[in-house]
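Geometric and topological summary
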Amino acid sequence: MDIGELKSANGINLTMLCDFYELTMGNGYLEAGMENTVSYFDVFFRSVPDNGGFAIMAGLEQIIDYVTKLHFTREDIEYLRSRELFDGRFLDYLSNFRFTGDIWAIPEGTPIFPGEPVITVRAPAIQAQLLETYFLLEFNHQSLIATKANRICRAAEGRAVMEFGSRRAHGITAAVTGARAAYIAGCCGTACTVSDEIYGVKALGTMAHSWVQMFDSEREAFLAYCRTYPHNAVLLIDTYDVLRSGLPNAIKAFDEVLKPLGIKKCGVRIDSGDMAYLTKKVREALDKAGWTECAITVSNSLDEYLIAELIRQGARIDSFGVGERLITSRSHSVFGGVYKLCAVEKNGELIPKIKISENTEKITNPGFKRVYRLFNRDTGMAEADYITLAHESVDDTKPLELCDSDARWKRKVFDNFEAVELQKCIFRNGELVYELPELEEIRRYCAYQVSTLWPEVKRFANPHSYYVDLSEELMKLKDGMLEKKSGARS
């Protein structure tokens, strides 16, 4: 079962998870004789959450599943008919709907940057328009959570991070696919059991405070848990008092149950209090009692800044359980990806399209495009991303001068680089041609790709602005269209 099937079991056809204007426009395209007009749309985003240096692409697997299952049921058609807005021909069109276009996308786990086409759709107008909401829903949510999770995992400096936020997530899908996105970005597992069942994100967890409260004493609670799960004995020691009660009772339970079995690996978790002070004292006591392999886990409203500060203060922590501030990306809760028309085909000719706004950051890049990443051949590090028109090629045997499209005086010459095209073909003529990688492969790929970014790009405060520039031909096209539109208004 995947998340789409989970929703279908609850009576939701995801095809109808669209903005109503996608249907009214589709009906209008048919009325205007434009239903077969081949259109190009880009999915991109405008700024990195938390003022970070990069984001992480996620959500492609669910987008692929959505496209392969696109259809309108008899009940959907009857609902639309009841609105008395749609022409009968349009309803007949939807009754036989299937996607026949092309889709390119940057693979999940790839670091991505503002302004570059992450997903490109080429399809007849009605089909292309209908994809907008679900594409943005999955891309925005999972990329947001993956980006936040990666920040938190990097702050942990190699210590394990567990995603513990399903009960605070914004609904079922946010919990289930949020855990998936967090795993891609570096979390070692999740508290959300169904994410393990559906996606194989390892479900983790031992006890809550209620377990301890259920018994007549804390000692009895710990003994019972150790007897039941001797090979996974992680005890929550802050129900009453960490140092005076929880820790001594945990050590007694370990001594009485685990030691006779020869089990040395166990753990304690702290969910409240001064984590830096408490973990130092707990580590000291555990080591003195001979439990040097007992791991210390902390939880309770953590984020990348608190984790980094705890480590700076010398806290003795082996792993972190991070909940609401990860699964909701509390500090920056909107990713801001958009779906914009960039070209149409007319009489065999590609006609670029541009959106103009008084807010300059909302001006789009016209035309059918490609995006390349330039890797230094000596270091293997990513140096810049380069957006070109689709017919252009990048000769990485020669030096390449990049120019900041927003500040033309900023120029830099790159040489000794390898140009790697980022987007892969996902659908061709409506058929899936992309081999979906396993989740573990995506996770490993993500870790490697992040490792190719310079530390200056990855720092949390004032990260270096990674180069994302347009080719000279693309810049000239954009400038010419802006000038033409400006002249038309005057």
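Conventions and cut-offs
Residues numbered from 1 in each chain as written. Predicted model: local features only at pLDDT ≥ 70, side-chain atom pairs only at ≥ 80, totals over all residues. Heavy atoms only, no water. Helix = DSSP H or I, 4+ residues; strand = E, 2+ residues; numbered from the N terminus. Contact = heavy atoms within 4.5 Å. Areas by Shrake-Rupley, 256 points an atom, 1.4 Å probe, with all protein chains shown as cover. Lys, Arg positive; Asp, Glu negative; His and termini not counted. Charge placed at Lys NZ, Arg CZ, Asp CG, Glu CD. Axes fitted to C-alpha atoms, helices over the stretch in contact; angles between N-to-C directions. Parallel < 35°, antiparallel > 145°, perpendicular 65-115°, else oblique. Nonpolar A, V, L, I, M, F, W, Y, C, P; charged D, E, K, R; others polar. Left-handed = near helix turned anticlockwise from the far one by under 90°. Pairing = 2+ DSSP bridges. Salt bridge = Lys/Arg side-chain N within 4 Å of Asp/Glu carboxyl O. Buried < 20%, exposed > 50% of the residue type's maximum accessible area, 1.4 Å probe, protein only. Patch = residues over 30% accessible without salt bridge, like charges linked within 9 Å, V, L, I, M, F, W, Y side chains within 5 Å. Disulfide = S-S within 2.5 Å. Polar contact = N/O pair within 3.5 Å; in protein donor to acceptor, adjacent residues only side chain to side chain. Phe/Tyr/Trp six-rings, centres within 6.5 Å; stacked < 30°, edge-to-face > 60°.

Here's the deal with the overall build of the protein
Within the protein, the secondary structure is distributed over 18 helices and 21 strands. Along the first, second and third principal axes, the C-alpha atoms of the protein reach 80 × 60 × 40 Å. Partitioning the intrachain contacts of the protein with sequence separation of at least 6 by distance along the chain shows that 73% fall at a separation of at least 24. Only carbon and sulfur atoms are counted for the fraction: they give 48% of the accessible area of the protein, which is about 22,600 Å². Side chains of the protein carry 58 positive and 69 negative charges; the gap between the two charge centres is 4 Å.

A word on the packing of helix α7 (residues 132–155) against helix α14 (residues 304–312)
Look at α7 against α14: their axes get within 8 Å of each other, and the N-to-C directions meet at 5°. By the angle between their axes, α7 is roughly parallel relative to α14. Residue-level inspection shows Lys148, Arg151, Ile152 and Ala155 of α7 in contact with α14, the latter providing Glu304, Tyr305, Ile307, Ala308 and Ile311. In terms of residue class, the contact of α7 with α14 is built from 6 nonpolar, no polar and 3 charged.

A look at the packing of helix α11 (residues 218–228) against helix α12 (residues 242–261)
With their axes 9 Å apart at the nearest point, α11 and α12 run at an angle of 40° to one another. As the angle between them shows, α11 and α12 are arranged oblique. α12 is crossed by α11, and the crossing has right-handed handedness. From α11, Glu218, Arg219, Phe222, Leu223, Cys226 and Arg227 reach across to α12, where they touch Ser245, Gly246, Asn249, Ala250, Lys252, Ala253, Phe254, Glu256, Val257 and Leu258. Its residues assigned to classes, the contact of α11 with α12 shows 8 nonpolar, 3 polar and 5 charged.

Some points on the sheet that holds strand β12 (residues 337–346)
Read across the open sheet, the 7 strands follow the order β13-β12-β1-β5-β3-β19-β20; overall the sheet is antiparallel. The sheet is open, and its two borders are formed by β13 (349–352) and β20 (431–432), each paired with just one other strand. Taken together, the 4 bridges between strand β3 (residues 102–105) and strand β5 (residues 119–124) define a ladder with antiparallel strand orientation. Within β5, the residue paired with Asp102 across the bridge is Arg122. Along the sheet face, helix α3 (residues 60–68) touches β3, β5, β19 (424–428) and β20 and points at about 15° away from the line of β19.

Section: the pattern of salt bridges
Tallied over the entire structure, the rule returns 32 salt bridges. One salt bridge connects Arg168 with Glu324, and the closest N-O pair in it is separated by 2.3 Å. Here Arg168, found in the loop between β6 (160–163) and α8 (172–184), pairs with Glu324, found in helix α15 (residues 324–327); they are 156 residues apart in sequence, far enough to count as distant. Look at Arg168 and you get partly exposed, because its relative accessible area is 46%. Where Glu401 meets Arg411, a salt bridge forms, and the shortest distance between an N and an O atom there is 3.1 Å. In this pair, Glu401 sits in strand β16 (residues 400–403) while Arg411 sits in strand β17 (residues 411–414), placing the two residues 10 residues apart along the sequence. For Glu401, a relative accessible area of 42% gives the class partly exposed. With a relative accessible area of 42%, Arg411 lands in the partly exposed category. If you follow the salt bridges from partner to partner, you end up with Asp50, Lys148, Arg151 and Glu304 in one network.

A few points about the sheet that holds strand β15 (residues 382–389)
Pairing in this open sheet of 4 strands is mixed, and the strands run β18-β14-β15-β21 from one edge to the other. Pairing within the sheet leaves two strands with one partner each, and these edge strands are β18 (417–421) and β21 (467–470). Across the sheet, the mean angle separating the axes of adjacent strands is 25° when strand polarity is ignored. Where strand β14 (residues 369–376) lies against β18, 5 bridges are found, and the strand directions are antiparallel. If you follow Leu374 over to β18, its bridge partner there is Ala419.

What to know about a positive patch on the surface
A contiguous patch of positive charge on the surface is contributed by Lys346, Lys353, Lys484 and Lys485. Within the secondary structure, Lys353 sits in the loop between β13 and β14.

Comments concerning the state of the cysteines
Counting across every chain of the model gives 0 disulfides. The thiol sulfur of Cys188 is not disulfide-bonded, and the nearest other cysteine sulfur, from Cys187, lies at 7.1 Å.

What to know about the side chain of Lys148
Here Lys148 lies in helix α7. At a separation of 2.9 Å, a polar atom in the side chain of Lys148 contacts the side chain of Glu304. Those residues in contact with Lys148 that lie beyond four places of it in its chain are Asp50, Glu304, Arg325, Leu326, Ser329 and Ser331.

A look at unusual backbone geometry
The residue Asp50 is not glycine, and still its phi comes out positive at about 60°. Within the secondary structure, Asp50 is located in the loop between β1 (38–45) and β2 (55–56). Here the phi dihedral of Glu84 falls at roughly 55°; this positive angle occurs in a residue that is not glycine. Position of Glu84 relative to the elements: it lies in the loop between α4 (74–82) and α5 (88–95).

Observations regarding the packing of aromatic side chains
Going through the model one piece at a time under the given rule, you end up with 20 aromatic pairs. Ring geometry for Phe20 and Phe86: centres 5.7 Å apart, planes at 70°, overall edge-to-face. Here Phe20 is found in helix α2 (residues 20–31), whereas its partner Phe86 is found in the loop between α4 and α5, with 66 residues between them in sequence. Judged by relative accessible area, which is 28%, Phe20 ranks as partly exposed. Classification of Phe86 by relative accessible area gives buried; the value is 11%. Judged by centre distance (5.0 Å) and plane angle (50°), the ring pair of Trp211 and Phe215 falls under tilted. By relative accessible area, Trp211 is classed as partly exposed at 29%.

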